[in-house]
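Working through the structure, step by step
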Amino acid sequence: HLGANTTWLIPNLTRKPLDDKQFRQALAYSINMQQILDKAYQGLVAKASPTGLLPIWDKWVDKNLVKQYGFSYNLSKAKSLLAAAGYKDTNGDGYVENKDGSKIDLQIVCPNGWSDWMTAIQVIADSGKAAGIKITPAYPDYATLVDDRGHARYDLLLNNDRQWSNTPWTYYQYLFKLPILDNQTTMNFERYTNQTAWNLTQALDKIPSSNTKSIQLTMSQLQKVFMQDLPTIPLWYNGMWSMMSTKYWTNWPSSKGLQYTPTAWRNYFQMTSIDMLTHLKPAPAA
């Protein structure tokens, strides 16, 4: 059950009402994550921390900030946040409207054929409906989605491109990278502009790994900014999927044995998978 990456709900912050952090908070509270875990993964993956940080970085998570600013599925909380922020159902159709009375009709997309994600966005759409937010799932081909994502031609989508690494700086770079370009190809797909957050991210990159006190201070500041504004919504930890056979080789990684990364995709050979190979042993002759 290793978390290889965080699957995020990415909102397009150039579009209303997704540019409103109060609306994003309400959206986060509306998502029934347990249904996603059960229906899409049969419990094989775990719910993400409100910080989005992977389990390998748990020592940096500021538990007090999570208590103060974190979120979890709470339908009544989602509804109350929407009402407090001025989003009301003015025409009686069961869905809230924008503050100016205009219709909210969001689309959420994932690549066609990605069956687990297709199930997940259906759950997110159903959860939104229960809270009074109209969300419709759609399934474009992958190339179309990538182009639309880069050029901000979408409302909501899922993404888990950034993998684990030896430093949480890589996640904050993924979330906060500036400046915003015409085509955001690898980072900050949501187009979140927060110079303070980006300055903190750059500062984190320059702190020596031995200076744990400064790292923790900067990490706490980044977590507070993230959870207060919620420019993206962390959902679950995608598994580090792998299959192996003991027919010819033994001594594979396991929870009770070797701790090397047990997979060969996404450059994991550079992150101890090569060590996994050096520890394999021929299986006994049949």
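Relevant structure appears above.
Residues numbered from 1 in each chain as written. Predicted model: local features only at pLDDT ≥ 70, side-chain atom pairs only at ≥ 80, totals over all residues. Heavy atoms only, no water.

1. With respect to the overall build of the chain
- A tally of helices and strands in the chain yields 10 helices and eight strands.
- Computed over C-alpha atoms, the radius of gyration of the chain comes to 20 Å, within 12% of the 19 Å expected from 2.2 N^0.38 for 286 residues, which places it in the range of a compact globule.
- Projecting the C-alpha coordinates of the chain onto the three principal axes gives extents of approximately 75 × 45 × 35 Å.
- Across the 286 residues that make up the chain, the buried fraction comes to 49%.
- When contacts within the chain are restricted to residue pairs at least 6 apart in sequence, long-range pairs at least 24 apart make up 72% of them.
- With the model as given, the accessible surface of the chain reaches about 14100 Å², and the carbon-plus-sulfur share is 52%. (Helix = DSSP H or I, 4+ residues; strand = E, 2+ residues; numbered from the N terminus. Rg over C-alpha atoms; globule rule 2.2 N^0.38 Å. Buried < 20%, exposed > 50% of the residue type's maximum accessible area, 1.4 Å probe, protein only. Contact = heavy atoms within 4.5 Å. Areas by Shrake-Rupley, 256 points an atom, 1.4 Å probe, with all protein chains shown as cover.)

2. Some words on the packing of helix 7 (residues 169-176) against helix 8 (residues 195-206)
- With their axes 9 Å apart at the nearest point, helix 7 and helix 8 run at an angle of 155° to one another. Compared by their axis directions, helix 7 and helix 8 come out roughly antiparallel. Read as a crossing pair, helix 7 and helix 8 show a hand that is left-handed. Note on element contacts: helix 8 touches helix 7 through A197, W198, T201, L204 and D205, opposite W169, Y172, Q173 and F176.
- For the contact of helix 7 with helix 8, the per-class residue count stands at six nonpolar, two polar and one charged. (Axes fitted to C-alpha atoms, helices over the stretch in contact; angles between N-to-C directions. Parallel < 35°, antiparallel > 145°, perpendicular 65-115°, else oblique. Left-handed = near helix turned anticlockwise from the far one by under 90°. Nonpolar A, V, L, I, M, F, W, Y, C, P; charged D, E, K, R; others polar.)

3. Quick word on the nonpolar core
- In this structure, L9, I36, L158, F176, I233, L235 and W236 are the most contacted members of the largest nonpolar core, which totals 80 residues.
- Once residues lying within four places of it in the same chain are set aside, the contact partners of L9 are L27, I31, I108, L156, L157, L158, T232, I233 and L235. (Core = buried A, V, L, I, M, F, W, Y, C linked by side-chain atoms within 4.5 Å.)

4. Digging into helix 1 (residues 21-30)
- Of all 10 residues that make up helix 1, eight are buried, and the element is covered over most of its length.
- Backbone nitrogen of Q22 and a side-chain oxygen of the N-cap are separated by 2.9 Å at the start of helix 1; the cap is D20. (Polar contact = N/O pair within 3.5 Å; in protein donor to acceptor, adjacent residues only side chain to side chain.)

5. Section: the packing of helix 1 against helix 4 (residues 75-84)
- The geometry of helix 1 relative to helix 4 is characterised by a closest axis approach of 7 Å and an angle of 165° between their N-to-C directions. Looking at the two axes, helix 1 sits roughly antiparallel to helix 4. Considering only the axes of helix 1 and helix 4, their crossing is left-handed. Across the interface between the two elements, F23, Q25, A26, Y29 and S30 from helix 1 touch L75, K77, A78, L81 and L82 from helix 4.

6. Focus: the side chain of D62
- Within the secondary structure, D62 sits in the loop between strand 2 (46-47) and helix 3 (63-69).
- Of the buried charged residues, D62 lacks a salt bridge, with K63 as the closest side chain of opposite charge at 8.1 Å.
- Within the local environment of D62, its side chain forms a polar contact with the backbone nitrogen of N64, the two atoms lying 3.2 Å apart.
- D62 has contacts with S220 and Q223, leaving out every residue within four places of it along the chain. (Lys, Arg positive; Asp, Glu negative; His and termini not counted. Salt bridge = Lys/Arg side-chain N within 4 Å of Asp/Glu carboxyl O.)

7. Concerning the sheet that holds strand 6 (residues 233-239)
- Strand order across the open sheet formed by six strands is 2-6-1-5-3-4, with mixed pairing between neighbours. Of all the strands in the sheet, the pair left with one neighbour each is strand 2 and strand 4 (135-138).
- Here strand 3 (residues 106-109) pairs with strand 4 via four bridges, running parallel. Within the sheet, the bridge partner assigned to V109 lies in strand 4 and is A138. (Pairing = 2+ DSSP bridges.)

8. Things to note about the pattern of salt bridges
- Following the criterion strictly, the structure yields nine salt bridges and no others.
- Residue D148 pairs with R153 through a salt bridge whose shortest N-O separation is 3.0 Å.
- Here D148 falls in the partly exposed class, since its relative accessible area comes to 21%.
- Taken together, the shared-partner salt bridges in this structure form one network comprising D147, D148 and R153.

9. Things to note about helix 6 (residues 142-150)
- Buried within helix 6 are the following residues: L145, R149 and G150. The arc that holds the buried residues of helix 6, viewed along the axis, is 125°, so those residues lie on one side. (Arc of directions from axis to C-beta.)

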